[in-house]
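Spelled out, the chains give:
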Amino acid sequence: MEVLVAEYAGFCYGVKRALGIVDEALEAGQGPVSSLGPLIHNRQVVDRLKDRGLAEVTAPAEAETGALVIRSHGVGPQAFEEARESGLTILDATCTFVKRAQQAARDFVEQGFETFIVGEADHPEVVAIVAWTDGQARVFDPLQEPPVPKGSKLAVVAQTTQNLATLQQATSYLLNYARELHIANTVCGATTNRQQAAEKLARQVDVLVVVGGYHSANTRRLAQIGSEITTTHHVETAEEVKPSWFEGAGRVGVTAGASTSQEILDEVVQRIVALGKQLEQE
Ligand code: SF4
């Protein structure tokens, strides 16, 4: 059984940067370090950071003292304000590409465009983008096409982990109502690369294994892309991989979301290779 790994898989720029910021703060040992929400959507990595001393809070006031890390998804202006008022040192790990989406949405709203965000309404990144527009941008749900008056001045931004096809679908719909339509393609390169690589790999294999947090939007999207093409399984760890998945499979593909560490990806690949050898001997 041949095991292939996607050309782009695992930690992206924004996640590596956030982990680097936390690492530096923990190493410096200058007081407590907390993250506002889980630093990344990967339970195993978050547990390891907790063991090293990273606390997790749900609101800035809970941190009381020390440094507060703003994770790569970003937060709205109010959370920054609360952190400042609580006297915390802010370590802003908001990903540069997420900031670009926040800024684009804000600019569109300020210029008087009715602004839509193509994304998941309850995802922290989208919640923060809406907050930066003072609640004025609306989340576009492709399944419930929103009513829009004809002749509107419209603008669109996307959650950074959205599928490009979903953004295209939203813009085609809005074009029917727009006198003017401005699009900021804020889907990040890491997302596009991982999605395209997953799609390419899915076409070459009998079974695709996607590794990453069950709460990770970009990992779930990779699993969705894979499942439209081939038999796909989403796992968080190597222990979850089942031998029965590979019976009769000639080629198995492995990919991983942007918040999956190389270590966990390697563990999954090693387990699949070992299971493949076992099946060959049976
Ligand atoms: S997926 Fe893209 S936007 Fe999100 S943290 Fe990674 S690099 Fe940044």
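Our structure is the block above this text.
Keep in mind that this is a model prediction, so the values were computed, not measured.

## Some thoughts on helix 5 (residues 96–110)
Then, in step 1: Along its 15 residues, helix 5 runs 21 Å from first to last C-alpha, staying within 8% of the 21 Å computed at 1.5 Å per residue.
Then, in step 2: Among all positions in helix 5, only Val98, Ala101, Gln102, Ala104, Ala105, Phe108 and Val109 are buried. Down the axis of helix 5, the buried side of the element spans an arc of 160°, and every buried residue falls inside it.
Then, in step 3: Looking at the packing, one finds that the buried side of helix 5 touches strand 6 (114–118), helix 6 (124–132), strand 8 (152–158) and strand 9 (178–184).

## Side note on the pattern of salt bridges
Pairing of side chains with opposite charge becomes possible as their charged atoms draw close.
Then, in step 1: As enumerated under the stated definition, the model contains 12 salt bridges in all.
Then, in step 2: Its salt-bridge partner being arginine 220, residue glutamate 120 comes within 3.1 Å of it at the nearest N-O pair. Residue glutamate 120 is located in the loop between strand 6 and helix 6, and its partner arginine 220 is located in helix 9 (residues 217–227); the two are separated by 100 residues in the primary sequence.
Then, in step 3: Three or more residues joined by partner-sharing salt bridges are found here, namely Asp23, Glu27 and Arg52.

## Some remarks on the packing of aromatic side chains
Then, in step 1: Within the structure shown, the criterion is met by 7 aromatic pairs.
Then, in step 2: Arranged with centres 5.7 Å apart and planes meeting at 70°, the rings of tyrosine 13 and phenylalanine 97 form a pair that is edge-to-face. In this pair, tyrosine 13 is assigned in helix 1 (residues 13–28) and phenylalanine 97 in helix 5, connecting sequence segments 84 residues apart.
Then, in step 3: For tyrosine 13, a relative accessible area of 42% gives the class partly exposed.

## Considerations on the sheet that holds strand 8
Sheet strands associate in pairs through backbone hydrogen bonding, adopting either a parallel or an antiparallel arrangement.
Then, in step 1: Strand order in the open sheet formed by 4 strands is 7-6-8-9, with parallel pairing between adjacent strands. Only two strands of the sheet have a single neighbouring strand rather than two, namely strand 7 (138–140) and strand 9. Going from strand to strand, the sheet's axes swing by 30° on average, the running direction of each strand aside.
Then, in step 2: The sheet contact formed by strand 8 and strand 9 spans 6 bridges and is parallel. Pairing of serine 152 across the sheet is with alanine 178, part of strand 9.
Then, in step 3: On the sheet, helix 7 (residues 164–175) packs against strand 6, strand 7, strand 8 and strand 9 and is oriented at approximately 165° with respect to strand 9.

## A closer look at the nonpolar core
Then, in step 1: Ranked by size, the top nonpolar core spans 30 residues in total, and within it Val209, Val211, Val241, Phe246, Val268 and Ile272 carry the most contacts.
Then, in step 2: Counting residues per element, the ones that place at least two in this core are helix 8 (189–204), strand 10 (207–211), helix 9, strand 12 (251–256) and helix 10 (262–281).
Then, in step 3: Not counting the four nearest positions on each side in its chain, valine 209 is found in contact with His233, Val235, Phe246, Val252, Gly253, Val254, Thr255, Val268 and Ile272.
Then, in step 4: Ranked by size, the runner-up nonpolar core spans 20 residues in total, among them Cys12, Val22, Ile40 and Val45.

## Brief notes about the sheet that holds strand 3 (residues 54–57)
Then, in step 1: What the 4 strands build is an open sheet, ordered 3-2-4-5; its pairing is parallel. Of all strands in the sheet, those with a lone pairing partner are strand 3 and strand 5 (89–92), marking the two edges. Neighbour to neighbour, the strand axes of the sheet diverge by 30° on average, direction disregarded.
Then, in step 2: Across 3 bridges, the pairing between strand 2 (residues 33–36) and strand 4 (residues 67–70) is parallel. By the bridge assignment for strand 4, serine 35 is matched with valine 69.
Then, in step 3: Most of the contacts of helix 1 go to strand 5, to which it runs at about 145°, and overall it touches strand 2, strand 3, strand 4 and strand 5.

## Concerning the packing of helix 5 against helix 6
Then, in step 1: Between helix 5 and helix 6, whose axes approach to 8 Å, the crossing angle comes to 35°. For helix 5 against helix 6, the interelement crossing comes out right-handed. On the side of helix 5, the interface is formed by Val98, Ala101, Gln102, Ala105 and Arg106, while helix 6 contributes Glu125, Ala128, Ile129 and Trp132.
Then, in step 2: Residues belonging to the contact of helix 5 with helix 6 are distributed by class as follows: 6 nonpolar, 1 polar and 2 charged.

The rules we used
Residues numbered from 1 in each chain as written. Predicted model: local features only at pLDDT ≥ 70, side-chain atom pairs only at ≥ 80, totals over all residues. Heavy atoms only, no water. Helix = DSSP H or I, 4+ residues; strand = E, 2+ residues; numbered from the N terminus. Expected span 1.5 Å × (residues − 1). Buried < 20%, exposed > 50% of the residue type's maximum accessible area, 1.4 Å probe, protein only. Arc of directions from axis to C-beta. Contact = heavy atoms within 4.5 Å. Salt bridge = Lys/Arg side-chain N within 4 Å of Asp/Glu carboxyl O. Phe/Tyr/Trp six-rings, centres within 6.5 Å; stacked < 30°, edge-to-face > 60°. Pairing = 2+ DSSP bridges. Axes fitted to C-alpha atoms, helices over the stretch in contact; angles between N-to-C directions. Core = buried A, V, L, I, M, F, W, Y, C linked by side-chain atoms within 4.5 Å. Left-handed = near helix turned anticlockwise from the far one by under 90°. Nonpolar A, V, L, I, M, F, W, Y, C, P; charged D, E, K, R; others polar.

Without other data, these values stay purely geometric and don't point to any function.
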